[in-house]
Amino acid sequence: MMRCSVCNGRGYVKLSKAEVAGRDDCPPKVLEAIDEFYACRSCGKLYWEGPKSNNAFEHFTSVFDGFGPSTGSGL
Ligand SMILES: [Zn+2]
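Parameters at a glance
Residues numbered from 1 in each chain as written. Predicted model: local features only at pLDDT ≥ 70, side-chain atom pairs only at ≥ 80, totals over all residues. Heavy atoms only, no water. Salt bridge = Lys/Arg side-chain N within 4 Å of Asp/Glu carboxyl O. Helix = DSSP H or I, 4+ residues; strand = E, 2+ residues; numbered from the N terminus. Buried < 20%, exposed > 50% of the residue type's maximum accessible area, 1.4 Å probe, protein only. Core = buried A, V, L, I, M, F, W, Y, C linked by side-chain atoms within 4.5 Å.

- Per an unreviewed UniProt entry, the protein goes by the name Mut7-C RNAse domain-containing protein and belongs to Emiliania huxleyi.

### Quick word on the pattern of salt bridges
And step 1. According to the stated counting rule, one finds three salt bridges in the structure shown.
And step 2. Here Lys-17 ties to Asp-35 by a salt bridge, and the two come within 3.2 Å at their closest N and O atoms. With Lys-17 in helix α1 (residues 17-21) and Asp-35 in the loop between α2 (28-33) and β2 (36-40), the pair connects residues that are 18 residues apart, well separated along the chain.
And step 3. With a relative accessible area of 29%, Lys-17 lands in the partly exposed category.

### Quick look at the nonpolar core
And step 1. Among the nonpolar cores identified, the biggest contains 10 residues, and these are Leu-15, Val-20, Cys-26, Val-30, Leu-31, Ile-34, Phe-37, Ala-39, Leu-46 and Trp-48.
And step 2. When residues of this core are traced back to their parent elements, those giving at least two are α2, β2 and β3 (46-48).
And step 3. Counting residues in each nonpolar core, the second largest holds five residues, with Cys-4, Tyr-12, Tyr-38 and Cys-40 among its members.

This is the structure in C-alpha cells:
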C-alpha cells in the first residue's frame, strides 16, 4: 500500500464511513461517494481509494457539480 504523503509512514487503519463522518478533514462530497477510508497510523492523515490523492477531490467536485437540483431529471 502507499506511503503517507505527510509523514512517509506505512501503517494505516481502515475507517468506516460512520467513523469518517465524525472527523473534520473529509470533504462532504467525498464522504458521500466513498465507502472505505484509511487513516495514517502515525499522523492521522485521511485517505480514500480513488484517483490519486489530491486530484481525487477535484475529480469528485467536477463530477458532482453536474448533479445539482437545478440539473435534475425532470422532477
Ligand atoms: Zn502520516
